[in-house]
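Residues per chain, in single letters:
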Amino acid sequence: MSSAAPVSPPPLPETMTAILISAPGGPEVLVPGTRPVPAPAPGELLVKVEAAGINRPDVMQRKGLYPPPPGASDIPGLEIAGTVVALGEGASRFKVGDRVCALVTGGGYAQYCTTHEATALPIPEGLSAAEAAALPETAFTVWSNIFERGQLKAGETLLLHGGSSGIGTTAIQLAKAFGARVVVTAGSDEKCAACVTLGADLAVNYRTQDFVAEVKSFTAGKGANVILDMIGGPYIQKNYEAAAMDGRIVQIAFQQGAKAEVDFMRLMLKRLTHTGSTLRSRPVEEKAALAAAIVEKVFPLIAAGKYRPVMDETFPLANAADAHARMDASAHVGKIVLTVD
Ligand SMILES: NC(=O)c1ccc[n+]([C@@H]2O[C@H](COP(=O)([O-])OP(=O)(O)OC[C@H]3O[C@@H](n4cnc5c(N)ncnc54)[C@H](OP(=O)(O)O)[C@@H]3O)[C@@H](O)[C@H]2O)c1
C-alpha cells in the first residue's frame, strides 16, 4: 500500500506583474511592470489574484486626482478575488487555499495583493472569480451609504443617480430586494432600459428629461425619501427639489463639481439630511463592520437569486488601459473587470 506524500503549495515568486501608473494622464499611462510580491503584514492575507474590479475612483487615481491614502499601495485596484497563498502574523479568519474576494486600499491590478483579513469575504457560492471581484467596492459603498447613512426602508422611494454604473446596478438590486421603490437617472435610453430590466421602477434619461419633475410625478408630489448622488454641482439644488420631507441625500462623488450655489431654504423646510462618505480612507474596524453586515444581509440575497454583480466586460490584466478606455467612454453597464493569470 502506498501513501500519497502531502502536497505543499508551490513557493511564492519574488516578483510579479502589476499595472503601474507611469504618469498622471489617460488610459495609456497604465503600463504592465514588475514589482516585488508584497508580504502580508500582521492581520493580513496575501492573495493570488484571479480577477480585479475596476472602479471610477481608479480613473481619478490614474489622472492624479485621488492619491492613495498613507500606507496604501500605489498600484491601482480597490477590489480583488482569488486564493489565499500566505497569512500575516495573527491572521486567523482564513487559511491558505481559501478563495476570497476583498476590499483593498490599493494594489488590486496585480498578480498578488495583500488585504486585511477583516475586509476579505468568502467568495459566495455560484459566483465566478470575475463576479466576486466585482462585488466588494459596490456592496460596501451601497450598504454604507444607502442603508446605513441613508436609512432606506421598505416602501420608501430611492432616487439613484447613475443607475447603470457599477454602484448603480448593485444599488438597484439591493434596494428592490429590501422593498424600496427605485427611480434612476442614466444618460441614454439603452441604459435606462437596462436599469428597468434590472428592477428599477422608473428610469429617467437625464439628457432628455427633467428628473425633478419625473420623481415628483412618480411619487404623487411627495419626492424621494433617499437620494444617492455621485454628480454634485447643479444636482445639489435639484436633489433638494426632488427630495421628500425628512429626505436623506447621500453624496458619494462630485462628477460635476463639489462647489455649487445652493438655496438652503428647501433643506430647512423639508428637514433634509445631507451627508456623504468615502470608503477607502475609513479605518479597518469600520470596514470590518461593513463586511460583517454584507455577509449577514447581502450574501443571502445572492443565494436567493435576488442580487448578482452585473458584468459589463472583462479584460486581461495587461490590457488595463483598454478597460479604462471603456470606463472613460462611459459605454458600460455594470462592472468592468480585469482577469489575472
Ligand atoms: N464615496 C465612495 O465611497 C465611493 C466608492 C466607490 C465609488 N464612488 C463613486 O461612485 C460613482 C460610481 O462609481 P462606479 O465605479 O460605479 O463608476 P461608473 O460605473 O463609471 O459610474 C459613473 C456613472 O455616472 C453616470 N453619470 C455621469 N453623469 C451623469 C449625470 N449628469 N446624471 C446621472 N448620471 C451621470 C454615468 O452614466 P451615463 O454614462 O449614463 O452618464 C455612469 O453610469 C463614481 O463617481 C465614483 O467615484 C464613491
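Keep in mind it's a predicted model, so treat the numbers as computed, not measured.

Draft legend 1. Region of interest: the site of the ligand. Near the ligand you find 29 residues, and of these R56, G187, K191, Y206 and Y235 are the closest. The contact in question runs from a nitrogen atom of the ligand to an N or O atom on the backbone of I252, over 2.9 Å. Here an oxygen atom of the ligand sits 3.0 Å away from a polar atom, N or O, in the main chain of L279. Calculation on the ligand without its partners gives an accessible area of 900 Å², and the protein chains cover 93% of this total.

Draft legend 2. Looking closely at the packing of helix α6 (residues 211–218) against helix α7 (residues 235–242). Across the interface, α6 lies against α7 with an axial gap of 9 Å and an inter-helix angle of 15°. What the angle tells us is that α6 and α7 run roughly parallel. Like other packed secondary-structure pairs, α6 and α7 cross with a definite hand, here right-handed. Every residue of α7 that contacts α6 at F211, V212, V215 and K216 is listed here: Y235, K238, N239, E241 and A242. Partitioned by chemical class, the residues of the contact of α6 with α7 number five nonpolar, one polar and three charged.

Draft legend 3. Quick peek at the layout of surface pockets. Here the largest pocket defines a volume of roughly 1200 Å³. Surrounding the largest pocket, 44 residues form its lining, R56, P57, M230, A253 and Q255 being those nearest its centre. Contributing elements (two or more residues each) for the lining of the largest pocket: α1 (56–62), α3 (136–149), α4 (166–177), β9 (181–186) and α11 (320–329). Element by element, the count of residues in the lining of the largest pocket is highest for α3, at four residues. Each residue belonging to the lining of the largest pocket can be placed in one class, and the counts come to 16 nonpolar, 20 polar and eight charged. Residue lining of the second largest pocket: 27 residues in total, with E44, G71, S73, T105 and T114 positioned closest to the centre. Elements that contribute at least two residues to the lining of the second largest pocket include exactly β2 (30–36), β6 (112–116) and α9 (284–297). Tallying contributions element by element places β6 first for the lining of the second largest pocket, with five residues. In terms of residue class, the lining of the second largest pocket is made up of 13 nonpolar, nine polar and five charged.

Draft legend 4. Structural context of the environment of Y109. For Y109, the location among the structural elements is in the loop between β5 (99–103) and β6. There is a polar contact of 2.9 Å between the side chain of Y109 and the side chain of H324.

Draft legend 5. Representation of unusual backbone geometry. Even without a glycine there, the phi angle at Q151 is positive, about 55°. Looking at the element boundaries, Q151 is found in the loop between α3 and β8 (157–160). Classification of Q151 as partly exposed rests on a relative accessible area of 42%. In this structure, D246 takes a positive phi of about 60° despite not being glycine.

Parameters at a glance
- Residues numbered from 1 in each chain as written.
- Predicted model: local features only at pLDDT ≥ 70, side-chain atom pairs only at ≥ 80, totals over all residues.
- Heavy atoms only, no water.
- Near = heavy atom within 4 Å.
- Polar contact = N/O pair within 3.5 Å; in protein donor to acceptor, adjacent residues only side chain to side chain.
- Areas by Shrake-Rupley, 256 points an atom, 1.4 Å probe, with all protein chains shown as cover.
- Axes fitted to C-alpha atoms, helices over the stretch in contact; angles between N-to-C directions.
- Helix = DSSP H or I, 4+ residues; strand = E, 2+ residues; numbered from the N terminus.
- Parallel < 35°, antiparallel > 145°, perpendicular 65-115°, else oblique.
- Left-handed = near helix turned anticlockwise from the far one by under 90°.
- Contact = heavy atoms within 4.5 Å.
- Nonpolar A, V, L, I, M, F, W, Y, C, P; charged D, E, K, R; others polar.
- 1 Å grid on protein atoms, 1.4 Å probe; cavity = no way out; pocket = protein on both sides within 12 Å on 5 of 7 lines; lining within 4 Å.
- Points joined across faces, edges and corners; volume = space filled by probe spheres on them.
- Buried < 20%, exposed > 50% of the residue type's maximum accessible area, 1.4 Å probe, protein only.

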